[in-house]
Amino acid sequence: MPSRTPTTKGRKTKTREQEKLPVCPLQNAAANNIRQVMDAEGKLTGDLPDPDIPPEKLLHMYETMVMVRAIDDRGWLLQRSGRVEFWIPHCGLEAVHNGATLAYEDPDWIFMGYRHPGVMLMRGVPLVQLFAQFFGRADEPFKGRRLPTLMGDRRYNIVPMTTQVGSYIPHVCGAAMGALIKGHDTKFLAIFGDGSSSRGEFHSGMNFAGVHKPPVVFICENNGWAISTPQSLQTGSATFAEKGDAYGVRNLVVDGNDALAVYSVVKEARDLGPDEGATLIEAMTYRMGYHTSSDNPDLYREQAEVDAWAAWDPLIRLRKYMERKKLWNKKKEDALWARCKEEISAAIKEAEAMDFPHPSTMFDDTFEEMTWMLEEQKAALLADLEDLS
Amino acid sequence: MPSRTPTTKGRKTKTREQEKLPVCPLQNAAANNIRQVMDAEGKLTGDLPDPDIPPEKLLHMYETMVMVRAIDDRGWLLQRSGRVEFWIPHCGLEAVHNGATLAYEDPDWIFMGYRHPGVMLMRGVPLVQLFAQFFGRADEPFKGRRLPTLMGDRRYNIVPMTTQVGSYIPHVCGAAMGALIKGHDTKFLAIFGDGSSSRGEFHSGMNFAGVHKPPVVFICENNGWAISTPQSLQTGSATFAEKGDAYGVRNLVVDGNDALAVYSVVKEARDLGPDEGATLIEAMTYRMGYHTSSDNPDLYREQAEVDAWAAWDPLIRLRKYMERKKLWNKKKEDALWARCKEEISAAIKEAEAMDFPHPSTMFDDTFEEMTWMLEEQKAALLADLEDLS
Amino acid sequence: MNIATATADTGTTVLEAIKAGMSDAMDADSDVILMGEDVGLAGGIFRTSTGLHQRFGSKRVIDTPLDEKGIVAHGIGLALYGLKPIVEIQFSGFIHDAFEHIMFCAARYRWASGGQYSCPMVIRAPSFGGIKGGFWHSQSVEAYFVHHGGMKILCPSTPEDAYRMMLAAVQDPDPVLLIEPVPLYRSMSAKFEMDGKAATIGEAKVTRTGSDVTVVTYGPIQYEVEKAAEELATTKGYDVEIIDLRTLIPYDMDTILASVKKTGRVITVHEAPLSMGFGAELAAVIQEKAFGYLHTPIQRVAAPDVPYHFSIGDEYYRPNARRIRLAIERTMEFEF
Amino acid sequence: MNIATATADTGTTVLEAIKAGMSDAMDADSDVILMGEDVGLAGGIFRTSTGLHQRFGSKRVIDTPLDEKGIVAHGIGLALYGLKPIVEIQFSGFIHDAFEHIMFCAARYRWASGGQYSCPMVIRAPSFGGIKGGFWHSQSVEAYFVHHGGMKILCPSTPEDAYRMMLAAVQDPDPVLLIEPVPLYRSMSAKFEMDGKAATIGEAKVTRTGSDVTVVTYGPIQYEVEKAAEELATTKGYDVEIIDLRTLIPYDMDTILASVKKTGRVITVHEAPLSMGFGAELAAVIQEKAFGYLHTPIQRVAAPDVPYHFSIGDEYYRPNARRIRLAIERTMEFEF
Ligand SMILES: Cc1ncc(C[n+]2csc(CCOP(=O)(O)OP(=O)(O)O)c2C)c(N)n1
Ligand SMILES: Cc1ncc(C[n+]2csc(CCOP(=O)(O)OP(=O)(O)O)c2C)c(N)n1
Ligand SMILES: [Mg+2]
Ligand SMILES: [Mg+2]
């Protein structure tokens, strides 16, 4: 049940000095008040009850998690070989975004970050659209305008993120206030990082949420790092969740590598009554990969820490859980991976064949009706292009 | 002892609807975890011990509180009669700023708001300098440049406030980080309002404070209102103090109309060891007057609320305490008021005779060395003035 | 019927016109809401929204926490969801905290979402000096919002414009920055019909026709220009044409060019600081588009590049009729 | 000795020069500190501070929370207390949240305190496009900071300037915005002596002398201007003079005027958007101060008033040699 973390005493913020012997905090989930459904082996821990997700929904989530992992593998290679300009890895975070999205209905609105392609796929966005975005082609919602992995699509009620991290926190809160004002029962979800909690936007959004009680679940995806900055340099609080108390916003910590736990707590918070307001959920997880393709984590973190977290891989845990339930086996697993890889290759082929946007499209969508200044500037560009050809 | 408020359950945020029957929350101080030395009658409550401030210090504080009250009375009249352009009342808040300043040493730095002339007087700033500022004359630290009541003076280590409320919260934190870096033992105090806690600046300052542990006491002067906005529309948290928890910053609530309690908790927080970091103190008090001379509180608040607070007047409480201690009596009181009024009249006379700044001084202090553009603009102004005369 | 208290004799003040514009817009469309600090029971610190809270309730007239960034950012969310928020910044001097959200969120969601989302909202920025407000309460902030496009900027200087521009701003499908003339709130009134008709964005007005020199201006300072023009007509016989831009983005190039081609002399006047003030853009464009017509260099009259001084700002910082007159004389008497 | 790894053959890159500047400044004055996101162990996301954390420790090289406003605002506090903070904004696109603190606190404490306090600090803003960064990571933000004065703005475009301007910025008694040329960080290197000498703020450099037309520019885009000039010298025999402004505030009017009076033709080039770009101010001032010398209207070459496009921005948004060449030709061949 989403409720205030009763105490956070058990969990200590790490300082750089204390990080000598890395352990994954999920090991002591109960002591650390981290809500869990299953342990590293996919066995029920008895903390949160098994949500008993119907098999087809569960499989949809798992298959999407594998697809998302496969995309990350391939995206990295594409970047390293120069075929995409830039890559933001999301490996290790699949349980957070897939679990949370599963808890939401399609008309609900999701605001997400750059590490959450699973949100798109869970809602049925075609794979090729993702790759068209990665390749900056014209035929994707943003028309090739934005950095690879910064996605969204109104047709699926996924709002494009702001490139400035966290700036959408008050936007989602405002949108949810809008639903309240209009008397709609649309629900809202926002996912953002631990580092993003330091911005004034977090403060604004939480504060308005505490006063106006909009139907939002805020997930602070605590993946251990904001680029090279660990939690101890990001904030002095023991958890990110408890920041909710400062605004009268209900909050809790969940095992972010446990897709079932994420689903459970998000679902419960999503389904709260109209007057019950927002919930802040800290999802404890870990960024297994580089921050981006321009990063070098060896400069600031120990491989041992990565290794400690590897034992809690969200895909493996969910797979083991499903195997226990006889919903899954090695054969299915192999087939799934093969299918994902194949589909990705096909999507890449299709997307790479697409056109880049025409230069003059940079003027579109500035205003609903272009100003004369922009008309003039566009005309100059077109004349210039003519001169070129 | 400054420490985390153990629980805030006893105190409820008021909504506009609940405000029907106004009671002063200081009445239930113990239940509300509001630290107190004395009750409305100046009797010790047994919560915080009597700080036993040496008589001459105590008298200095009380006399300054009376002077400050007298200034507010006169300032209001001056504004209403058009002799000062603008007035920001501070009646009712004397215990906060006088009590806190008394807890600090002169080399310590204070950042304050527009309602805290007592800070200046406690540190020995001449009265006439305050009135020169109110009248916008040239011969005061800011050279007539700033709105009446926005004061400060480097010679007394009182930093001029930013007109945007709360913007100085991260400035004081940065300055205190500077003292840490330089290995100085300068201590820092900042006073700001309840409304100011909503700004991103509060979030930035508290967050850095939680990480870097600078020697600052932040006083959130909860005077009930931010112009017309009550606490229930300002934030969803039960207290402003507990916001400190979100940053790992020690915090507590104090009776802001009890000068002895303010002094006690601020002094203890100020004197903490070098590694113990910052403290956030919510001083529960009440703005007895208008927000500013442009305000009309009848539009948004009940007189009954003002009346409930009037019974807890910080001057009367401290006077009664001193009378009990045989340090004060009616004769002294009357003489003090008479002296204050006289000194104020003399200061007004002196300040009103002072010159306004010369127009060309608006160019001074832009850069240490003026740019050619400003030189050119200044020359144009001077030529213009010549043409005029 | 709207809530404004127009009196038969004096007409409607700018303040009442703004209130009437909001009230009519809220009557016409239930998606229109007002939010900001103290806009509710207090009616705003200038009383531009007195009565709206009582009339439309606390769901549509929202007192916010003290957080300008939050006000604009939540307005963006409301707009994304389909509402039409009017957000009030208490004084334009406090708008800067919301800079990122105004310029790079509100004015960019349409582009950044490939046209999928838009942010129709009105950001009210009470501006300008002359009220003994000191440097935070007398700011002219419009110039910061011109660079990088994406934002319409309106500046009414009459009651009728205030009313109709409020309606136009609310109806616009994109974010609009409404620069409100604080010094005119109560000092200027006029009679006009509050008929719900919106102004046309992008149309300047020639408020005085003349043949010798064009003064391009906007905001309350234009009344100082008028005084200077009247005086010069009498004393020197100079025939000054005055253009009230009314819209800064997109400004009305046709009206400016027609005037400049006629007079061959241009002065820009605003009370924002000189360097990179809007006069810079006007001068740059005019000299480019009308080079052959210019008899004299374009002169800019503006405040100096320093903050607004409490004690002496209203008299010596803000341009006044005398300084404007001197500039016109210099232009008229320019020799190489 | 500084920490930069200049190699004998290629010289020092802009990136190494910036690092050397910081390192030398920190060696010379223990009050100089560096703070920002990831400036410590990671050495900054561009690696401009690699090794400084190891060398000066975590008290003087401070990894901050992810909060640009907080970074600048705490820098202000540090400066008030007497330190000399160098604060890094990770990409200039993220500077806007700190707008109020840069413009109205850092650049105003001296004035607002009657000269009692000052805020000597360096704000590093890695800027400009050409790195496939999309619209947030390719911003040219300088124009926002020009209006309202109070702030010095430097923009180095060579390794030597980067080094000496860093020193000058640190030594300056007032806040300085240092616009760093990201696209040149690693692509440009040169040999020069790292002798601890600071640049003189306010001095432009004529990087190419010519008699036909003056191009006033700054930042990495000037190398596109150079290419255009070279080409035109060969193809058309046009003799182009190029001025690298180096300092935007206070810009070097003398050098500009001397050139304009010689050539009678001016083009401004920057990669920030056109409207209210710094070219507007330059055009406005030049036409005023050199009206009689101008044979042709001043032309501005700039990016359009839209955001920087990820896929096509580097080629079609950012001005390039060809577009600059066309502008020069238009100016040279201008007819009324
Ligand atoms: C306002 C802002 N500042 C800086 C950046 C550069 N930046 C991109 S991601 C990032 C770290 C974000 O950390 P976190 O919020 O924890 O998300 P994560 O990357 O770990 O998923 C930074 C500093 C940015 N995008 N926006
Ligand atoms: C950033 C900012 N926004 C708005 C204002 C206008 N304003 C002046 S005082 C005030 C209310 C402040 O409330 P609080 O912080 O509680 O202090 P109090 O006035 O009650 O002492 C407001 C909104 C301001 N000065 N700064
Ligand atoms: Mg993170
Ligand atoms: Mg208050």
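Residues numbered from 1 in each chain as written. Chains lettered and ligands numbered in written order. Predicted model: local features only at pLDDT ≥ 70, side-chain atom pairs only at ≥ 80, totals over all residues. Heavy atoms only, no water.

### Observations concerning the overall build of chain A
Each helix and strand counted, chain A has twelve helices and nine strands in total. Computed over the C-alpha atoms, the radius of gyration of chain A is 21 Å, within 12% of the 21 Å expected from 2.2 N^0.38 for a compact globule of 389 residues. Taken along the three principal axes of its C-alpha coordinates, chain A extends 70 × 50 × 45 Å. Per-residue burial for chain A yields a buried fraction of 66% across its 389 residues. Relative to all contacts within chain A whose residues are 6 or more apart in sequence, the contacts with residues 24 or more apart total 74%. Accessible surface, chain A as shown: approximately 13600 Å² in total, 52% of it carbon and sulfur. Between the centroid of the 45 positive side chains of chain A and the centroid of its 55 negative side chains there is a distance of 6 Å. (Helix = DSSP H or I, 4+ residues; strand = E, 2+ residues; numbered from the N terminus. Rg over C-alpha atoms; globule rule 2.2 N^0.38 Å. Buried < 20%, exposed > 50% of the residue type's maximum accessible area, 1.4 Å probe, protein only. Contact = heavy atoms within 4.5 Å. Areas by Shrake-Rupley, 256 points an atom, 1.4 Å probe, with all protein chains shown as cover. Lys, Arg positive; Asp, Glu negative; His and termini not counted. Charge placed at Lys NZ, Arg CZ, Asp CG, Glu CD.)

### Some thoughts on the interface of chain A and chain D
Interface size, as often reported, equals the accessible area lost upon joining of the parts. Every contact between the two is made by 43 residues of chain A and, on the other side, 35 residues of chain D. In this assembly, chain A packs against chain D so that about 3200 Å² is buried in total across both faces, 62% of it on carbon and sulfur atoms. There are four salt bridges connecting chain A and chain D. Here A:R199 and D:E68 are joined by a salt bridge, their closest N and O atoms 3.9 Å apart. Residue assignment for the side of chain A that touches chain D shows that the elements contributing at least two residues are α7 (231-234) and α12 (372-388) of chain A. A per-element tally of the side of chain A that touches chain D places α12(A) first, with seven residues. (Buried area = accessible area lost by both parts, 1.4 Å probe. Salt bridge = Lys/Arg side-chain N within 4 Å of Asp/Glu carboxyl O.)

### Examining the coordination of the magnesium ion (ligand 3)
Residue and element names in this part refer to chain A. D194 (OD), N223 (OD1) and W225 (O) make up the full set of protein donors to the magnesium ion (ligand 3), lying at 2.0 to 2.1 Å. Read in sequence order, the donor residues for the magnesium ion (ligand 3) give the motif D-x28-N-x1-W. The pair N223 / W225 is uniform in exposure class, with both members buried. (Donors = N, O, S within 2.8 Å, 3.2 Å for Na, K, Ca; no water.)

### Some words on the site of ligand 2
Around ligand 2 sit 20 residues in total, of which B:Y114, B:R115, B:D194, B:S196 and C:E68 are the nearest. Taken together, the residues near ligand 2 originate from chains B and C. A distance of 2.8 Å is found between an oxygen atom of ligand 2 and a backbone nitrogen or oxygen belonging to B:G195. Contact distances for ligand 2 include 2.7 Å between an oxygen atom and a side-chain N or O atom of B:S196. Coverage of ligand 2 by the protein chains reaches 95% of its 580 Å² of free accessible surface. A breakdown of the residues in the shell around ligand 2 according to their chemical character gives seven nonpolar, eight polar and five charged. (Near = heavy atom within 4 Å. Polar contact = N/O pair within 3.5 Å; in protein donor to acceptor, adjacent residues only side chain to side chain. Nonpolar A, V, L, I, M, F, W, Y, C, P; charged D, E, K, R; others polar.)

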